Amino acid sequence: MKNPNFDYDVIYIGSGHAAFDGAKTLCKQGFKIAFVEAIAVGGTCPNWGCNAKISLDGPVTLAKTQRRMKDIVEGDTKLNWKENIKHKREGILPIKVDREATMKSLGMDVIHGFAKFTDAHTLEINGEHVTSDKIVIATGLTPHKVEIEGTELSHDSRDFMELEDMPKRMAVVGTGYIAMEFATMANEAGADVTMFMHGDKALRPFYQPYVKILMDEMKASGIKFVENSGLRSFSQDGDEYTVTYADNQQLTVDYILDASGRVPMVHNMGLEEVGVKYDDKKGVLVNEYLQTSVENIYASGDVAATGQPNLTPTATFESQYLKHLFAGETDQPIDFPAIPSVVFTSPRISQMGVTVDEANASDEYTVEEHDATNTWFRQITKEPVVKNAYIFDKEHRLVGFTEISDQADNAVDMIVPAVNMKMTPLEIERNVHLFPSIGHDTWKNI
């Protein structure tokens, strides 16, 4: 133990990637570590986020691929949603059990309950007090609720991921990551999906020409979009729900999914009492060391207002940075790399680094766009849409990338080293990739 004046050297409020990834190494270095978990060990990502989402999406992409290749792969592929949920549970439920077992095997404590600050070094949990030299707020985000009459009648993303039977008619509020991904799943499972947009754009952080292509694909599959919907209320009559919007227009559905966004989990923790400053929408305010307005209290992951994408890789990077900082291995501010992000729809959209819009607004960059729909490798599974854009600096080093395709997630992952290591054309040339492969197809245009 590094500081005998406290019960622990570091307490993490939360047990997701923003905490665990760096903490396990600190523990091996002799630090006394504890996690306080109010809901499920492992946090959002494995339980209601990345892992669970991809488990549900796998059969969706398989079914869509089979239909494109129906003359080659015969049969009528239909998604069995009940079995899909069962399959997801079989893969997800063991994660929190295994994670907690791993934590304890390494000598870390897991305290189940809600944590509230009583002073800068003390947390009250289940009526008892524990102290720590440093405390890391890693509570993440929680689903947002639209502020309209009847909002309590809607369901959030956690509810959707436990949905035993797919409703026939579904309203989806929002057109961000979660809304677009879950709408794709519900549509494939047979639901009649209507999406209610706040404005006239979906997936605002992404390259809008590609977003339009995605929306056209979703419309072709039967998904409907209501732009500038002006939601007014939700109401219930028996097993049916009515969405009232715009000029008192109404839509009757069997299920309402509120995927209007996520907000930081910062309330009812005693942050005000100890002086930790936060923004209701952005999260806990931190400096370039992930340090809050209170010297020994830090924030990591989605709850930290760093301006970075709220993604698992970001949380992992931040938790590892704090590990280096606490262990005395660095005294430098956090230096974020370009972090890839993906929308797991069909097709997918990925991006990282400098965006096309940023590049077009500056004379420091050039953009090279490609339509690879008819390339040999992409035609193996008859991909209907394959477009990408590479952004280069004046030395022709890759600084950004975006793609729309069924393989956009794998494509962006392949070029991460080229962007973050600022590879020169010669270094790019020396990276020889397997052929044929997505990696080869992606790198050949750099």
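Residues numbered from 1 in each chain as written. Predicted model: local features only at pLDDT ≥ 70, side-chain atom pairs only at ≥ 80, totals over all residues. Heavy atoms only, no water.

As annotated in an unreviewed UniProt entry, the protein chain carries the name Glutathione reductase and is attributed to Apilactobacillus kunkeei. Per UniProt, the protein chain carries the Sequence similarities (unreviewed entry) text "Belongs to the class-I pyridine nucleotide-disulfide oxidoreductase family." (UniProt positions renumbered as here; feature names shortened; annotations may be inferred.)

Draft legend 1. Unusual backbone geometry, seen in detail. Note the cis peptide between Ser-346 and Pro-347, where omega equals 0 degrees. Within the secondary structure, Pro-347 is located in the loop between strand S20 (341-343) and strand S21 (348-353). Look at the link from Phe-435 to Pro-436: it is a cis peptide, with omega at -5 degrees. Even without a glycine there, the phi angle at Asn-126 is positive, about 55 degrees. (Helix = DSSP H or I, 4+ residues; strand = E, 2+ residues; numbered from the N terminus.)

Draft legend 2. Expanded view of the UniProt feature "binding site: NAD(+)" (unreviewed entry) in the protein chain. The sites that UniProt annotates as "binding site: NAD(+)" (unreviewed entry) are Gly-174, Thr-175, Gly-176, Tyr-177, Ile-178, Ala-179, Met-180, Glu-181 and Gly-261. Despite a sequence span of 88 residues, these residues sit close together in the fold, their greatest C-alpha distance being 13.0 Å. With respect to the secondary-structure elements, Gly-176 resides in the loop between strand S8 (169-173) and helix H6 (177-188). Secondary-structure assignment places Ala-179 in helix H6. By relative accessible area, which is 0% here, Ala-179 ends up buried. (Buried < 20%, exposed > 50% of the residue type's maximum accessible area, 1.4 Å probe, protein only.)

Draft legend 3. Spatial organisation of the sheet that holds strand S22 (residues 366-371). Spatially, the five strands line up as an open sheet ordered S20-S21-S24-S23-S22, and their pairing is antiparallel. Looking at the sheet topology across the chains shown, the edges are occupied by S20 and S22. When strand polarity is set aside, the average angle formed by the axes of neighbouring strands in this sheet is 10 degrees. As judged from the six bridges shared by S22 and strand S23 (residues 387-392), these two strands associate in the antiparallel manner. Across the sheet, the residue bridging to His-370 is Asn-388, located in S23. (Pairing = 2+ DSSP bridges. Axes fitted to C-alpha atoms, helices over the stretch in contact; angles between N-to-C directions.)

Draft legend 4. Just the pattern of salt bridges, in detail. Applying the stated rule across the entire model yields 24 salt bridges. Note that Arg-348 and Asp-57 form a salt bridge whose closest N and O atoms lie 2.9 Å from each other. One end of the pair, Arg-348, is in strand S21; the other, Asp-57, is in helix H3 (residues 50-68), and 291 residues separate them in sequence. Classification of Arg-348 as buried rests on a relative accessible area of 8%. Assessed through its relative accessible area of 1%, Asp-57 is described here as buried. As a salt-bridge pair, Asp-371 and Lys-387 come within 2.9 Å of each other at their nearest N and O atoms. With a gap of 16 residues between them, Asp-371 in strand S22 and Lys-387 in strand S23 connect regions that are remote in the sequence. (Salt bridge = Lys/Arg side-chain N within 4 Å of Asp/Glu carboxyl O.)

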